[in-house]
Amino acid sequence: MTTDTTSSSGASVRSTVHGYPRIGPDRELKRATEGYWAGKVSAQELDTVSADLRAAVLTQLRDAGVDDLPSNSFSLYDGVLDTAVLFDLVPSRFESPAAAGDREEFLRRYFALARGEQGTPPLEMTKWFDTNYHYLVPELSPKVRPRLVGDKPVAEFREALEAGHRTRPVLVGPLTFLLLAKTAEEAPEGWQPLELLDQLVDAYAQLLGDLAAAGATEVQLDEPILATDEGRARLSELERAYARLGGLKERPSLLVSSYFGSVGADALRVLKASPVEAVGLDLVTDDEGVDDLVKVSGLGSTRLVAGVVDGRNIWRTDVPATLATLGTLLGLTDELTVSTSCSLLHVPVDLDAETEIDPKLRGALAFAKQKAGETALLGRALSQGGDAEQAGSGAEIPSFTDTRVRARLEALGPDATRRPEDRDASSPNTLTTTTIGSFPQTPELRKARAAHRRSELPTDEYNALLRKEIDRVIALQEDIGLDVLVHGEPERNDMVQYFAEQLEGYATTQHGWVQSYGSRCVRPPILFGDVSRPEPMTVDWITYAQSRTDKPVKGMLTGPVTMLAWSFVRTDQPLGETARQVGLALRDEVADLERAGIRHIQVDEAALRELLPLREEQRQAYLDWAVESFRLATSGVAPSTTIHTHMCYSEFGTVVGGIEALDADVTSVEAARSRMELVQDLGERGYRRSIGPGVYDIHSPRVPSADEVEASLRLAVEHIDAGHLWVNPDCGLKTRGYAEVEESLRNMVEAARRVRADL
Ligand code: GLN
Ligand code: ZN
């Protein structure tokens, strides 16, 4: 093991990372779990692949020079799920994995929680704070009793110890776990998961005892909830939980770690006064972290684990600037550890695998492995002073400025984001029927796209196949009797990547996979420079589709906020400025679609809610730029052109004002559960544009009956004038099969017909 190094000021400086990608450099875990689900990989093989991946991570971190290595950041599916299973917090519709007789049975029950089983819906999945990673939401009620029933953290600690690494097990903290959980339906009115805090903390206490007995000297408890208003309002619970854990006799030292934003001076005071030995802070996401440390006069003898290397973006760290920050921090703590701002779970594994990225851009990038190297280097540079110079050489990140883009944006007047107030946005029919854009991506389509990418299928043959697919989608929609048609998006691999590949200022990676949920990985493109659109991106496909029908075909684009949310984005200018550039590029596309005779244009903002800042005080500023970039994209059209937008989530409370401000003619929303609430809300606010509440849930293969859809529609027309009500599914259909899509849409159209007849 490396020994402590001592900086000039006398503080001991170490390096660590908060966590590491689990999926493996080549998505080995994805292949193994999917193989296991398909019955092609045995439980034993799955466990071997997992153990190999864990071992490789430790070797990689050690080779990178990192002093303190984390463990238990591995998961077969998700860490919050693992925590629920560890403490037996499993709803009664499931068989508890804890009671499984053998490994096979354990895995079956574990994956049933994540993916559901015949007749048993899985736990709900939701986004992990403001990232695109999803965790499984524990469902709690007074009926569950937290108790330690598993040994995953202990087993993984022991496994690493045997390989020569005394690791720091990483756990989801009790406060974060309970505040992220939802109340199960069976719980009495008003009961809250937080009522389980004391019992849960007792179970953690037992786990800490077990870890100490196994030889762990430090444990990390993640409390990112402290970066949210909700967490910040629970400081007495925070104090109580850590007073109890810190007061244990036989325990490892405790690192309480938060990320995705600053925790605020009040939480820092609580943590400083508590018996925990170390506090981990995100000093990248906002500037308040360092100010807060100053406000509380530093941490004194509590070790500061300083998250100065950005754990969720892919830019190389500016070493000289970061060393300067770390220099300041040395005055605010007796003991310092250099770390990442959060787990490296959110970035791809290894930049070395990318051979096709432009060298100029490549020089500006760092993935997980490189970032681990950066923390190690910063730790060394800080304690030795000597290699700081070397470390900093060539740190300049190149700029990718396009003066034409900047000049165009500057020349825009206030009218560029305004459409006439008095345009009439009511639909041609009342209760106009449409869909959200994509139709099923069939296996043949996926195969053809892969073959085309590998240059095994010539472009003209590939395009012919796509046109055939469009023919089929158009004919089907006509036959079903939908009013506003779509082309079905068969040419798109992904709603962001498709555009990123065609825009200037964007790069894509070959292997830059990041876990999104379970075995599902995404490859976010990199928005590195000023953005522009050299050529039309969608016009040929949409006009082809329009040529096949007399009904209107809706053009389909991805909006600026969503383009940013699902990419790695430059940090050398405010996000709002980057969003404006994307908005301008899309404005060009919108203009070309309109010129080509397209009368309905949809600009999807699926991720508007996801990027919403975790704290209320930052939300308005975000909504301002989000709205402005959308309006920049959509305000160049004639009053007679109908602008649509679509959003993918159901809690609108926070963004209702944003929806109004976008000023789209038609807004379709995912609304499987709370749909009529939103309609009612908008109705009461006197909303003047149209709304398309999703009338059925496309996330399940279940076909809704016409009666069911009819009932929802009848409810909706009570709140909003039928001329302003559109009828559509609640999201795109690309993940569904044709059989269920056709039947569902027929029922939807039939329901609209019945309600119209009675108006
Ligand atoms: N137009 C896109 C589709 O239908 C929207 C996807 C989304 O909202 N996530 O697939
Ligand atoms: Zn959607």
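See above for the structure.
Overview of the structure. Computed from a predicted structure; not experimentally measured.

**Topic: empty space enclosed by the protein**
Now for step 1: A full pass over the atoms with the stated rule returns six cavities of 30 Å³ or more.
Now for step 2: Roughly 380 Å³ of volume is contained in the largest cavity.
Now for step 3: Along its surface, the largest cavity is lined by 29 residues, and Arg 22, Gly 79, Val 170, Val 172 and Asp 222 are the ones closest to its centre.
Now for step 4: Elements supplying a minimum of two residues to the lining of the largest cavity: α3 (79-86), α5 (152-162) and β7 (168-172).

**Focus on the side chain of Lys 554**
Now for step 1: Inspection of the secondary structure puts Lys 554 in strand β19 (residues 554-558).
Now for step 2: Despite its burial, Lys 554 pairs with no opposite charge; the closest candidate is Asp 604, at 7.3 Å N-O.
Now for step 3: Only 3.3 Å separates the side chain of Lys 554 from the side chain of Thr 434, close enough to count as a polar contact.
Now for step 4: Once you skip the residues sitting within four places of it in the chain, Lys 554 turns out to touch Thr 434, Thr 435, Val 484, Leu 485, Val 486, Ile 542, His 600, Gln 602 and His 644.

**Let's talk about the pattern of salt bridges**
Now for step 1: On inspection of all chains with the given rule, the structure shows 62 salt bridges.
Now for step 2: Across the pair Arg 108 and Glu 95 runs a salt bridge, and its minimum N-O distance is 2.8 Å. Residue Arg 108 is found in helix α4 (residues 103-115), and its partner Glu 95 is found in the loop between α3 and α4; the two are separated by 13 residues along the sequence.
Now for step 3: Here Asp 479 makes a salt bridge to Arg 746, at a shortest N to O gap of 2.6 Å. Of this pair, Asp 479 sits in helix α18 (residues 459-480) while Arg 746 sits in helix α27 (residues 738-757); the two residues are 267 residues apart in sequence, bridging distant segments of the chain.

**Description of the nonpolar core**
Looking at soluble globular proteins, one finds that nonpolar side chains tend to be buried together.
Now for step 1: By size, the foremost hydrophobic cluster in this structure holds 94 residues, and its most contacted members are Phe 439, Tyr 622 and Leu 745.
Now for step 2: When residues in this core are grouped by element, the largest group, eight residues, is from α27.
Now for step 3: The contact partners of Leu 745, leaving out residues within four places of it in the chain, are Thr 435, Phe 439, Ile 480, Leu 482, Tyr 696, Pro 729 and Leu 733.
Now for step 4: Judged by nonpolar contacts, the second largest core, of 85 residues, contains Leu 179, Tyr 204, Val 219 and Leu 304.

**With respect to the pairing of strand β9 (residues 218-222)**
Now for step 1: When you tally the buried positions in β9, you get five out of five residues, the bulk of the element.
Now for step 2: Side chains Glu 218, Gln 220 and Asp 222 project from β9 onto one buried face, and the interleaved Val 219 and Leu 221 project onto a second face that is buried too.
Now for step 3: Sheet analysis places β7 next to β9, joined by three bridges and oriented parallel. Note that in β9 the partner of Val 172 across the bridge is Asp 222.
Now for step 4: Here β9 runs beside strand β10 (residues 253-257); their pairing, made up of five bridges, is parallel. By the bridge assignment for β10, Asp 222 is matched with Ser 257.

**Section: the coordination of the zinc ion (ligand 2)**
Now for step 1: At this site the zinc ion (ligand 2) is bound by His 646 (NE2), Cys 648 (SG) and Cys 731 (SG), with donor distances of 2.0 to 2.2 Å.
Now for step 2: Motif for the zinc ion (ligand 2), donor spacing along one chain: H-x1-C-x82-C.
Now for step 3: Overall, the relative accessible area of 25% leaves Cys 648 in the partly exposed class.

**Quick word on unusual backbone geometry**
Now for step 1: One non-glycine residue with positive phi stands out, namely Leu 431, at about 50°.
Now for step 2: Relative to the helices and strands, Leu 431 resides in the loop between α16 (403-411) and β14 (432-433).
Now for step 3: Among the residues examined, Leu 431 registers a relative accessible area of 0% and is labelled buried.
Now for step 4: Here Glu 489, not a glycine, exhibits a phi torsion of approximately 55°, which is positive.
Now for step 5: With respect to the helices, strands and loops of the structure, Glu 489 is situated in the loop between α18 and α19 (497-500).
Now for step 6: For Glu 489, a relative accessible area of 7% puts it in the buried group.

**Topic: the sheet that holds strand β15 (residues 504-507)**
Now for step 1: Reading across the sheet, the three strands line up as β15-β18-β20 and stay open at both edges, with mixed pairing between neighbours. Two strands lie at the open edges of the sheet, namely β15 and β20 (568-569), each paired on one side alone.
Now for step 2: Both β15 and strand β18 (residues 526-532) contribute to a ladder of three bridges, which runs antiparallel. Looking at β18, one finds that Glu 504 is bridged to Ser 532.
Now for step 3: Across the sheet, helix α22 (residues 575-595) touches β18 and β20, and the angle it forms with β18 is around 55°.

**Focus on the site of ligand 1**
Now for step 1: Around ligand 1, the structure places 13 residues, and the nearest of them are Ser 438, Glu 489, Asp 604, His 646 and Cys 648.
Now for step 2: One of the side-chain N or O atoms of Ser 438 is found 2.7 Å from an oxygen atom in ligand 1.
Now for step 3: The side chain of His 646 places a nitrogen or oxygen atom 3.1 Å from an oxygen atom of ligand 1.

**Some words on the sheet that holds strand β24 (residues 690-693)**
Now for step 1: Strand order in this open sheet of five strands is β19-β21-β22-β23-β24, and the pairing throughout is parallel. The strands lining the two open edges of the sheet, one partner per strand, are β19 and β24. With direction set aside, neighbouring strand axes in the sheet form an average angle of 20°.
Now for step 2: Bridge count for strand β22 (residues 642-647) against strand β23 (residues 666-669) is four bridges, and the pairing is parallel. The residue of β23 that forms the bridge with Met 647 is Val 669.
Now for step 3: The strands touched by helix α23 (residues 619-634) are β21 (600-604) and β22; relative to β22, the strand with the most contacts, the crossing angle is about 145°.

**What to know about helix α2 (residues 43-63)**
Now for step 1: Between its terminal C-alpha atoms α2 stretches 30 Å, which fits the 30 Å expected from 21 residues at 1.5 Å a residue.
Now for step 2: Along α2, the residues classified as buried are Ala 43, Leu 46, Ser 50, Leu 53, Arg 54, Val 57, Leu 58 and Leu 61. Angularly, the buried residues of α2 cover 130° about the axis, an arc narrow enough to put them on a single face. Those residues of α2 that are exposed and angled more than 90 degrees off the buried face are Gln 44 and Asp 63.
Now for step 3: The secondary structure elements touched by the buried residues of α2 are α1 (28-37), β3 (70-71), α4, α5 and α14 (368-384).
Now for step 4: The positive-phi residue at the C-terminal boundary of α2 is Gly 65, with phi of around 95°.

**A short note on the packing of helix α12 (residues 319-330) against α14**
Now for step 1: For the pair α12 and α14, the least separation of the axes is 10 Å and the interaxial angle reads 60°. The angle between α12 and α14 places the two elements in the oblique class. In this structure, α12 meets α14 at a crossing whose hand is right-handed. Facing α12, whose interface residues are Val 319, Thr 322, Leu 323, Leu 326, Gly 327 and Leu 330, α14 presents Leu 377, Leu 378, Ala 381 and Leu 382.
Now for step 2: Considering only residue class, the contact of α12 with α14 consists of eight nonpolar, two polar and no charged.

**So, the packing of aromatic side chains**
Now for step 1: For the coordinates displayed, the defined rule picks out 13 aromatic pairs.
Now for step 2: Chaining the aromatic ring pairs together yields one cluster made of Tyr 36, Trp 37, Tyr 77, Phe 106, Tyr 110 and Phe 111.
Now for step 3: Arg 54 extends its terminal NZ or CZ atom over the ring of Phe 74, reaching a point 4.9 Å from the ring centre.
Now for step 4: Over the ring of Tyr 738 we find Arg 472, and its NZ or CZ is 4.1 Å from the ring centre.

Reading the values: the criteria
- Residues numbered from 1 in each chain as written.
- Chains lettered and ligands numbered in written order.
- Predicted model: local features only at pLDDT ≥ 70, side-chain atom pairs only at ≥ 80, totals over all residues.
- Heavy atoms only, no water.
- 1 Å grid on protein atoms, 1.4 Å probe; cavity = no way out; pocket = protein on both sides within 12 Å on 5 of 7 lines; lining within 4 Å.
- Points joined across faces, edges and corners; volume = space filled by probe spheres on them.
- Helix = DSSP H or I, 4+ residues; strand = E, 2+ residues; numbered from the N terminus.
- Buried < 20%, exposed > 50% of the residue type's maximum accessible area, 1.4 Å probe, protein only.
- Lys, Arg positive; Asp, Glu negative; His and termini not counted.
- Salt bridge = Lys/Arg side-chain N within 4 Å of Asp/Glu carboxyl O.
- Polar contact = N/O pair within 3.5 Å; in protein donor to acceptor, adjacent residues only side chain to side chain.
- Contact = heavy atoms within 4.5 Å.
- Core = buried A, V, L, I, M, F, W, Y, C linked by side-chain atoms within 4.5 Å.
- Pairing = 2+ DSSP bridges.
- Donors = N, O, S within 2.8 Å, 3.2 Å for Na, K, Ca; no water.
- Axes fitted to C-alpha atoms, helices over the stretch in contact; angles between N-to-C directions.
- Near = heavy atom within 4 Å.
- Expected span 1.5 Å × (residues − 1).
- Arc of directions from axis to C-beta.
- Parallel < 35°, antiparallel > 145°, perpendicular 65-115°, else oblique.
- Left-handed = near helix turned anticlockwise from the far one by under 90°.
- Nonpolar A, V, L, I, M, F, W, Y, C, P; charged D, E, K, R; others polar.
- Phe/Tyr/Trp six-rings, centres within 6.5 Å; stacked < 30°, edge-to-face > 60°.
- Lys NZ or Arg CZ within 6 Å of the ring centre and 35° of its normal.

Everything listed here is a matter of coordinates, which is why it stays silent on function.
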